[in-house]
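Residue-level listing of the chains:
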Amino acid sequence: DLNFSSLISNDLNFAILPSYIFDQSINEITRSLLSAIISAIVIFNKTLRQICASSEFINAAKDAIQDAKTSQFILWLLILLKRSFSLFSADFSSFYNCSSHIQIAVCLFHQMPEVRAAAISALSCFMQSDECVLNLHLILFSIGLFNDVSYLVRYQLVLLLSRFLSSIHTPFSSNFESYSAV
């Protein structure tokens with residue numbers, strides 16, 4: 001039942017759950033299932049969303065993706081990152097200095113198309129309205145997937161491109177008008 005996660009009370013304290021995702025003593029399959037469960041409820045729980053959107057969580061997720069042994073764990077961590085920010089962007093200071101976006105961009109070359117699609121989706125969380133250079137880097141990381149075999153990857157790329165275009169404040173036509181023909 002998809003409505004089950006919205007019925008969970010906001011009064012419940014889920015603050016301890018995200019720490020188990022990065023606990024190396026727990027089996028990686030169990031941690032991926034925990035990531036899936038948290039990704040289902042993170043949108044509805046403010047405390048959980050704040051924890052998952054913190055710089056500590058993003059850095060821990062970056063390290064966990066780097067050390068992951070299963071594709072399922074990487075997939076659910078990327079989905080959790082995307083759902084933690086939903087329609088918002090991550091705070092620039094929470095990911096840029098530790099290069100979390102670059103580690104996620106490495107997942108664009110994963111063998112599983114679901115992981116590639118989730119990586120593109122997670123990269124969209126790092127788009128900033130006032131950082132054109134960063135946004136351009138994110139696009140350049142992923143533009144090579146325009147001819148990917150998976151329609152899901154191409155669809156996520158279209159969504160990333162639309163988010164990029166919506167982050168530009170000046171219309172393209174005014175930029176092109178300033179360049180006259182030589």
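Rules of the game
Residues numbered from 1 in each chain as written. Predicted model: local features only at pLDDT ≥ 70, side-chain atom pairs only at ≥ 80, totals over all residues. Heavy atoms only, no water. Helix = DSSP H or I, 4+ residues; strand = E, 2+ residues; numbered from the N terminus. Expected span 1.5 Å × (residues − 1). Buried < 20%, exposed > 50% of the residue type's maximum accessible area, 1.4 Å probe, protein only. Contact = heavy atoms within 4.5 Å. Salt bridge = Lys/Arg side-chain N within 4 Å of Asp/Glu carboxyl O. Axes fitted to C-alpha atoms, helices over the stretch in contact; angles between N-to-C directions. Parallel < 35°, antiparallel > 145°, perpendicular 65-115°, else oblique. Left-handed = near helix turned anticlockwise from the far one by under 90°. 1 Å grid on protein atoms, 1.4 Å probe; cavity = no way out; pocket = protein on both sides within 12 Å on 5 of 7 lines; lining within 4 Å. Points joined across faces, edges and corners; volume = space filled by probe spheres on them. Nonpolar A, V, L, I, M, F, W, Y, C, P; charged D, E, K, R; others polar. Patch = residues over 30% accessible without salt bridge, like charges linked within 9 Å, V, L, I, M, F, W, Y side chains within 5 Å. Areas by Shrake-Rupley, 256 points an atom, 1.4 Å probe, with all protein chains shown as cover. Phe/Tyr/Trp six-rings, centres within 6.5 Å; stacked < 30°, edge-to-face > 60°. Lys NZ or Arg CZ within 6 Å of the ring centre and 35° of its normal.

K.L.:
Run through helix α5 (residues 71–85), naming residues and quoting values.
P.N.:
Taking 1.5 Å per residue as the helical rise, α5 with its 15 residues ought to reach 21 Å, and the 22 Å between its terminal C-alpha atoms agrees with that figure. Of the residues making up α5, those classed as buried are Ser-71, Phe-73, Ile-74, Leu-75, Leu-77, Leu-78, Leu-80, Leu-81, Ser-84 and Phe-85. Tucked inside the fold, the buried residues of α5 contact α1 (17–21), α2 (28–41), α3 (46–52), α4 (55–67), α7 (100–106) and α8 (113–123). Phi for Ser-86, located one or two positions after α5, is positive at around 50°.

K.L.:
Run through the pattern of salt bridges, naming residues and quoting values.
P.N.:
Evaluation of the coordinates by the stated rule reveals three salt bridges. Linking Arg-31 and Glu-28 is a salt bridge whose minimum nitrogen-to-oxygen distance equals 3.5 Å. Taken together, the positions of Arg-31 and Glu-28, both in helix α2 and three residues apart, correspond to about one turn of that helix. Overall, Arg-31 belongs to the buried group, its relative accessible area being 4%.

K.L.:
Kindly report on the packing of helix α9 (residues 132–142) against helix α10 (residues 151–167), identifying the contributing residues and their values.
P.N.:
α10 packs onto α9 with a crossing angle of 160° between their chain directions and a minimal axis gap of 11 Å. With respect to α10, the element α9 is oriented roughly antiparallel. As for the relative orientation of α9 and α10, their crossing is left-handed in sense. Where α9 approaches α10, its residues Asn-135, Leu-136, Leu-138, Ile-139 and Ser-142 are matched on the opposing element by Leu-157, Leu-160, Leu-161, Phe-164 and Ser-167.

K.L.:
Describe empty space enclosed by the protein, and please don't skip the residues or the numbers.
P.N.:
Under the counting rule described, the total for this entry stands at one cavity of 30 Å³ or more. Here the largest cavity defines a volume of roughly 30 Å³. Taken together, Gln-24, Glu-28, Arg-31, Ala-64, Asp-67, Ala-68, Lys-69 and Phe-73 make up the full set of residues lining the largest cavity. Every element with two or more residues in the lining of the largest cavity is listed here: α2 and α4. When the residues that make up the lining of the largest cavity are grouped by side-chain class, the tally is three nonpolar, one polar and four charged.

K.L.:
With reference to specific residues and values, describe a nonpolar patch on the surface.
P.N.:
A contiguous nonpolar surface patch, about 430 Å² in accessible area, is contributed by Tyr-151, Leu-152, Tyr-155 and Leu-159. Counting through the fold element by element, Leu-159 comes out in helix α10.

K.L.:
Help me get a handle on the packing of aromatic side chains, residues and values and all.
P.N.:
Inspection of every chain in the model, using the stated rule, returns one aromatic pair. Ring geometry for Phe-22 against Phe-57: centres 5.1 Å apart, planes inclined by 65°, an arrangement best described as edge-to-face. On the criterion of sequence distance, the pair formed by Phe-22 in the loop between α1 and α2 and Phe-57 in helix α4 is long-range, its members being 35 residues apart. On the accessibility criterion, Phe-22 (21% relative accessible area) is partly exposed. Look at Phe-57 and you get buried, because its relative accessible area is 5%. Seen from the ring of Phe-73, Arg-31 lies directly overhead, with NZ or CZ sitting 4.7 Å from the centre.

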